[in-house]
Amino acid sequence: MKTLLDLSARFIDENLYEGPFSVNRVSMQLAPITEGIAMVEAFSHVVVFDTGDGLVAFDTSLEPMNQGILRGIRTWSDAPVHTVAYTHGHIDHIGGARAFVDEARSRGDRDPRFIGHRGVIARFDRYQSTNGYNRIINERQFSTLGKVLLGGSLDGRFGPKDWVRPDVTFDDRMSVRVGELTFHLFHDRGETDDHLWAWVPEKKALVVGDFVTWVFPNAGNPQKVQRYPGEWARALRTMASYPAELLLPAHGLPVGGADRIQRVLGDLATALESLVEQTLARMNEGMPLNQILMEVKVPEELMERPYLRPAYDEPEFVVRNIWRLYGGWYDGNPAHLKPPSDSSVAKELASLCGGAVALAERAVALRDSDPRLACELAQMAFLATPDDAAVHAARAEVFRARRDSELSLMAKGIFGTAASESEARKKALEAEG
Ligand SMILES: [Zn+2]
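Cut-offs used in this document
- Residues numbered from 1 in each chain as written.
- Predicted model: local features only at pLDDT ≥ 70, side-chain atom pairs only at ≥ 80, totals over all residues.
- Helix = DSSP H or I, 4+ residues; strand = E, 2+ residues; numbered from the N terminus.
- Rg over C-alpha atoms; globule rule 2.2 N^0.38 Å.
- Buried ≥ 20, exposed ≤ 12 C-beta atoms within 10 Å, placed from the backbone.
- Expected span 1.5 Å × (residues − 1).
- Contact = placed C-beta atoms within 7 Å.
- Core = buried A, V, L, I, M, F, W, Y, C linked by C-beta atoms within 7 Å.
- Domains from an automatic or database assignment.
- Pairing = 2+ DSSP bridges.
- Right-handed = clockwise from strand over helix to strand, strands pointing away.
- Nonpolar A, V, L, I, M, F, W, Y, C, P; charged D, E, K, R; others polar.
- Axes fitted to C-alpha atoms, helices over the stretch in contact; angles between N-to-C directions.
- Parallel < 35°, antiparallel > 145°, perpendicular 65-115°, else oblique.

1. Focus: the overall build of the protein
Tallying secondary structure elements over the protein gives 17 helices and 13 strands in all. A compact globule built from 433 residues would reach a C-alpha radius of gyration of about 22 Å, and the protein, at 23 Å, matches this within 12%. With the principal axes as the frame, the protein shows a C-alpha extent of 75 × 50 × 45 Å. Counting all 433 residues of the protein, 46% fall into the buried class.

Right under this line is the structure:
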């Protein structure tokens, strides 16, 4: 039988890519990886170690997946869950935690111990104060999937019903011994400011959370708080300094073999370092953000790796986050310092070119040859005349085509949401007659 390690070996060795779902699988099945280590493939995965004195789990997946996760684990081991480590506080990693506690109690076991970086607690507090925002952006990012999984529920909340806070937190590093295994936990910033990764020497295993996800690193996400591309790359280089034979990510496939692990960690680090270097070099020359966005590219051969495809996030968004991290919000265009309202610019442009419908027609004409410009003009036409069915038809067409031509889920989500809005608005306007 082909194992997950066989699968990842083939993809890496042959530089083969068979689409996003071939590497990011959510089978909800438990896959034994090696003696004493298993992984439930979900969103996120749950990585489990059998220590001889209970189980140590990394992450708990999303709340709606929790029953499948626990069923999977119980096909593999009957031992109590001793410790749960959160690789970070995103809801697809902590959402299932309550179910782990409930399961332990129903079995008469002690409650599992929850370990996380100190920043997880601040994150949970931030989610309380930005519940509405997070619900909206996750629905936009993940489309229907977001409504079902990440919106959490029909009652307007974001995330799980119960947030299980870590019992034990740490700042930089911490080592825990459970049964026969040692877990050296390290904090680094990367996708988040509250990430941990682990080195388990007895198993020569790295547990890497979202530092490796088999997509281009989520270091740019347009709708979310700051990410840390340079520190992310440094963390990957540190991981590569350990003699790992097994790499266990929270999304995507596990990787076996020192050479493959070195290649994956090295390529991911190089891609991020390249973006940081190119962006900083241009910032240091005083270049405005827009020009930097047009110029900076990741070396093409790296983008072809099966673990670096921009199926989720993409390099252009990472460049913006590098700008945000090292610079201010001013983008170098003096007209943007204290700008006019978007609608006044749109109305002025529409009047100059003979009306919003003319603008919309030009947008449609540019749909395939210059999709960036086409979207800008379609949005202007809409802002100039928000209640015109013809304008909405054009805006829907331009943004739908853009959505379909993009690779990243984040771009698809935002463009697709714009298209859907105009499709619905057009229908409603036509019905009003
Ligand atoms: Zn994740």
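2. Regarding helix H15 (residues 371-384)
End to end, H15 covers 20 Å across 14 residues, agreeing with the expected 20 Å (1.5 Å per residue, within 8%). Those residues of H15 that fall on the buried side of the exposure criterion are Ala374, Cys375, Leu377, Ala378, Met380, Ala381, Phe382, Leu383 and Ala384. Packed against the buried residues of H15 are helix H13 (342-352), helix H14 (356-365) and helix H16 (389-405).

3. Quick word on the nonpolar core
Counting residues in each nonpolar core, the largest one holds 116 residues, and the members touching the most others are Leu206, Val207, Leu236, Leu247, Ala378 and Ala381. There are two domains that each give this core at least three residues, and those are domain 1 (4-268) and domain 2 (340-432). With residues near it in sequence (within four places) discarded, Leu206 still touches Trp197, Trp199, Met239, Tyr242, Ala244, Leu247 and Leu248.

4. Topic: the pairing of strand S12 (residues 246-249)
The alternating pattern of S12 places Leu246 and Leu248 on one face and Leu247 and Pro249 on the opposite face, and all of these are buried. Two strands pair when backbone bridges link them, and strand S11 (residues 205-209) and S12 are joined in this way by four bridges, in the parallel orientation. Looking at S12, one finds that Leu206 is bridged to Leu247. In terms of handedness, the path from S11 via helix H8 (residues 229-240) over to S12 forms a crossover that is right-handed. Relative to strand S13 (residues 255-256), S12 runs antiparallel, the two being bridged by two bridges. Note on S13: the bridge partner recorded for Leu247 is Val255. In sequence, S12 turns back onto S13 through a hairpin of five residues, with Gly252 there showing a positive phi of about 85 degrees.

5. So, the domain arrangement of the protein
Looking at the protein, the domain boundaries give domain 1 (4-268) and domain 2 (340-432). The distance between the C-alpha centroids of domain 1 and domain 2 comes to 39 Å. Contact residues are listed per partner, giving six residues for domain 1 and six residues for domain 2. For the side of domain 1 that touches domain 2, the residue count by class is two nonpolar, three polar and one charged.

6. Some details on the sheet that holds strand S2 (residues 37-40)
Paired through backbone hydrogen bonds, the strands of a sheet run either parallel or antiparallel to each other. Spatial ordering of the open sheet is given by S1-S2-S3-S4-S5-S6-S7, a layout of seven strands whose pairing is mixed. Two strands bound the open sheet, and with one partner strand each, they are strand S1 (30-34) and strand S7 (168-170). Within the sheet, the average angular offset between the axes of one strand and its neighbour, ignoring direction, is 20 degrees. For S2 and strand S3 (residues 46-50), the ladder comprises four bridges, and the chain directions are antiparallel. Counted as the bridge partner of Met39 is Val47 from S3. Lying over the sheet, helix H3 (residues 66-74) contacts S1, S2 and S3, oriented at roughly 155 degrees with respect to S2.

7. Concerning helix H12 (residues 315-326)
Between its first and last C-alpha atoms H12 spans 17 Å; for 12 residues at 1.5 Å apiece the expected length is 16 Å, and the two agree. Three or more residues of H12 are buried, namely Pro315, Phe317, Val318, Val319, Asn321, Ile322 and Trp323. Contacts from the buried residues of H12 go to H8, helix H9 (258-284), helix H10 (289-295) and helix H17 (409-432).

8. Observations concerning the sheet that holds S12
Strand order across the open sheet formed by six strands is S8-S9-S10-S11-S12-S13, with mixed pairing between neighbours. Both outer strands of the open sheet, strand S8 (173-178) and S13, are each paired with one neighbouring strand and no more. Pairing of S8 with strand S9 (residues 181-187) involves six bridges; the strand directions are antiparallel. What sits directly across from Ser175, in S9, is His184.

9. Some words on the pairing of S8
Of all six residues making up S8, only zero are buried, and the element is barely covered by its neighbours. Counted along the chain from S8 to the antiparallel partner S9, the turn is two residues long, and its residue Gly179 has a positive phi close to 55 degrees.

10. Side note on the environment of Thr213
Along the chain, Thr213 falls in the loop between S11 and H8. Residue Thr213 is classed as buried on the basis of its C-beta count, with 23 C-beta atoms lying within 10 Å. The spacing of Thr213 and Phe317 is 104 residues in sequence and 17 Å in space, taken between C-alpha atoms. Setting aside residues no more than four positions away along its own chain, Thr213 makes contact with Asn218, Pro249, Ala250, His251 and Gly252.

11. Things to note about the environment of Arg309
Mapped onto the secondary structure, Arg309 falls in the loop between helix H11 (300-303) and H12. According to the C-beta neighbour criterion, Arg309 is buried, with 20 such atoms within 10 Å. The sequence separation of Arg309 and Trp214 amounts to 95 residues, and the corresponding C-alpha distance is 7.6 Å. Once residues within four sequence positions are removed from consideration, Arg309 is found in contact with Tyr17, Val215 and Phe216.

12. Quick look at the packing of H13 against H15
At a minimum axis separation of 8 Å, H13 and H15 run at an interaxial angle of 100 degrees. By the angle class used here, H13 and H15 are roughly perpendicular. Note on element contacts: H15 touches H13 through Met380, Ala381, Leu383 and Ala384, opposite Asp342, Ser343, Ala346, Lys347, Leu349 and Ala350. Along the lines of polarity and charge, the residues of the contact of H13 with H15 split into seven nonpolar, one polar and two charged.

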